[in-house]
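# Topology and contacts: notes
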Amino acid sequence: MTDTDASLRYSSAPHRREAILRRIELDGYVAAADLVSELGVSPNTVRRDLRRLAGDGLLRAVRGGATAVDTGAVPFTDRTTQAAAAKRAIAAKAVRHVEPGTAVALDSGTTTLEIARLLPAGAGLTVVTHSLPAIAVLAPRADVTLIGIGGQYGRDTRSFGGPETLAVLEHLSVRTLFLAATALDGEGVYGATPYEAETKRRLIAIARRTVVVSDARKFALSAPIRVCGWDAVEALVTDQAPPAGFDAVAVEIAS
C-alpha cells in the first residue's frame, strides 16, 4: 500500500477504528501518539476515535492511549478476602528481606498491602509505591519516608499507572522490590494487561533485587502478559510448594 492509499484508507472513520481495534487485539495497548503517526491523522481525530470506541465498550481509554477491555478483573475489595490468611503469612515471611535504612518498592496488590502493614517500625525505611491502599497505610507513619507515585488511577487495582507513573519511576532506585503477580508458572511472572505489566517491568528495572510475593492459587491461574522470567527474581515467597518447573527461582514457603 502506498502512502496515498494509506491516507485515503484512514480518512474513513470506520477503517481507522478497525485499525485501532486490530492494534489493541495484537498488543493489548496502543499509545495515542503512535496512532497519530501510523494513521496519518490529527491528535484530535485519534482522541475522538478512542472516545467513540471506549463509549461502545470496545476498548478502555487511558491517559496517553488505550488498552484492551479487561472483562475478567476481580475488584480489589473482593481480592482482599481471597486467601487472606495466606497473604498475611506470606507478608510476614517477606518482610525478612527488608534491610534497615534502605529503600523498598511495593507493587500494587493485596499481598503487598499486607507487607505495607508489617514493615518494621523505626527501621529508617523509604517506601516507593503506586498503590493507593499502601499509601494510605503508610502515610501516618512518621518513621517511614513515603514516595507515592501518581498517574492515572485504576479503580480495579486501586493503583496509579500510565506515562506519568513510568516517568517518575525512571528516576528512582530501590534496594528491594516486592512484586505481585496475576499468575505464575515455570517460565516466570505474568500480569493481566500490558498497562500493568509495563509498570511492573519499570519497578524491576529500578530495584537491585526483586522478591515475588504470591499465594499458591496463582500457580493454577493464567494471564496473557509475561512480565519477566525467573532470572530477574531473587526469591518467590508463597504459602505452598509450587508444582514442577520452578527450579529456576529460590522458593520460600510461609507457614
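Summary of the structure given here. Since we're looking at a predicted model, the values are computed, not measured.

## Here we look at the overall build of the protein
Looking only at helices and strands, the protein features ten helices and 15 strands. Once local pairs closer than 6 in sequence are excluded, the contacts in the protein between residues at least 24 apart make up 60%. Of the roughly 12000 Å² of accessible surface on the protein, a fraction of 51% belongs to carbon and sulfur atoms.

## Considering helix α4 (residues 43–55)
In this model α4 runs 18 Å from its N-terminal to its C-terminal C-alpha over 13 residues, within 8% of the 18 Å that 1.5 Å per residue would give. Listing the buried residues of α4 in full gives T45, V46, D49, L50 and L53. One side of α4 holds all its buried residues, which, seen down the axis, span an arc of 130°. When the buried face of α4 is taken as reference, the exposed residues oriented beyond 90 degrees from it are R51 and G55. One or two positions beyond α4, positive phi appears at G57, with a value near 75°.

## Quick word on the pairing of strand β9 (residues 174–179)
The buried fraction of β9 amounts to six of the six residues, a majority that puts the element mostly inside the structure. The pairing of β9 with strand β12 (residues 207–213) spans five bridges and is classified as parallel. What sits directly across from L177, in β12, is T210.

## Describing the environment of T165
Summarising the element assignment, T165 is placed in helix α9 (residues 163–169). The class of T165 is buried, set by a relative accessible area of 0%. Along the chain, T165 and G151 lie 14 residues apart, while their C-alpha atoms are 5.1 Å from each other. When residues no more than four places from it in sequence are discounted, the contact partners of T165 are H130, I149, G150, G151, F160 and T199. A distance of 3.3 Å separates the side chain of T165 from the backbone oxygen of G161, its partner in a polar contact.

## A word on the sheet that holds strand β6 (residues 144–148)
Taken in spatial order, the seven strands line up as β6-β5-β4-β9-β12-β14-β15 in an open sheet, and their pairing is parallel. Looking along the sheet, the strands with just one partner apiece sit at the ends: β6 and β15 (250–253). Going from strand to strand, the sheet's axes swing by 25° on average, the running direction of each strand aside. Contacting β4 (103–106), β9 and β12, helix α10 (residues 194–206) runs over the sheet at an angle of about 130° to β12.

## Regarding the packing of aromatic side chains
All told, the structure shown has three aromatic pairs when counted by the stated rule. On the basis of an interplanar angle of 50° and a centroid distance of 5.4 Å, the ring pair of Y153 and F160 is categorised as tilted. Given the relative accessible area of 18%, F160 is considered buried. Between W230 and F246, the aromatic rings sit 5.8 Å apart at their centres with planes inclined by 55°, giving tilted as the arrangement. With W230 in the loop between β13 (225–228) and β14 (235–238) and F246 in the loop between β14 and β15, this residue pair connects regions lying 16 residues apart in the sequence. The class for F246 is buried, based on a relative accessible area of 6%. A network of ring pairs unites the aromatic residues F219, W230 and F246 as a single cluster.

## So, the pattern of salt bridges
Scanning the entire structure with this criterion turns up 14 salt bridges. Among the ionic pairs, R175 bridges to E99, the shortest N-O distance being 3.4 Å. Highlighted residues: R175 in strand β9 and E99 in the loop between α6 (84–94) and β4, separated in sequence by 76 residues. Accessibility expressed as a relative area gives 29% for E99, which makes it partly exposed.

## Section: the side chain of T176
Considering the arrangement of structural elements, one finds T176 in strand β9. Of the polar contacts made by the side chain of T176, one reaches the side chain of R209; its length is 2.9 Å. Contact partners of T176, with chain neighbours within four places excluded, come to H97, A103, V104, A105, R209 and V211.

## Examining the packing of helix α3 (residues 32–39) against α4
Interhelical geometry of α3 versus α4 gives an angle of 115° and a closest axis separation of 9 Å. Classed by the angle they form, the pair α3 and α4 counts as roughly perpendicular. By crossing handedness, the relation of α3 to α4 is classed as right-handed. Residues A32, L35 and V36 of α3 lie in contact with α4, whose contacting residues are P43, V46 and L50. When grouped by side-chain class, the residues that make up the contact of α3 with α4 number six nonpolar, no polar and no charged.

Scoring rules and cut-offs
- Residues numbered from 1 in each chain as written.
- Predicted model: local features only at pLDDT ≥ 70, side-chain atom pairs only at ≥ 80, totals over all residues.
- Heavy atoms only, no water.
- Helix = DSSP H or I, 4+ residues; strand = E, 2+ residues; numbered from the N terminus.
- Contact = heavy atoms within 4.5 Å.
- Areas by Shrake-Rupley, 256 points an atom, 1.4 Å probe, with all protein chains shown as cover.
- Expected span 1.5 Å × (residues − 1).
- Buried < 20%, exposed > 50% of the residue type's maximum accessible area, 1.4 Å probe, protein only.
- Arc of directions from axis to C-beta.
- Pairing = 2+ DSSP bridges.
- Polar contact = N/O pair within 3.5 Å; in protein donor to acceptor, adjacent residues only side chain to side chain.
- Axes fitted to C-alpha atoms, helices over the stretch in contact; angles between N-to-C directions.
- Phe/Tyr/Trp six-rings, centres within 6.5 Å; stacked < 30°, edge-to-face > 60°.
- Salt bridge = Lys/Arg side-chain N within 4 Å of Asp/Glu carboxyl O.
- Parallel < 35°, antiparallel > 145°, perpendicular 65-115°, else oblique.
- Left-handed = near helix turned anticlockwise from the far one by under 90°.
- Nonpolar A, V, L, I, M, F, W, Y, C, P; charged D, E, K, R; others polar.

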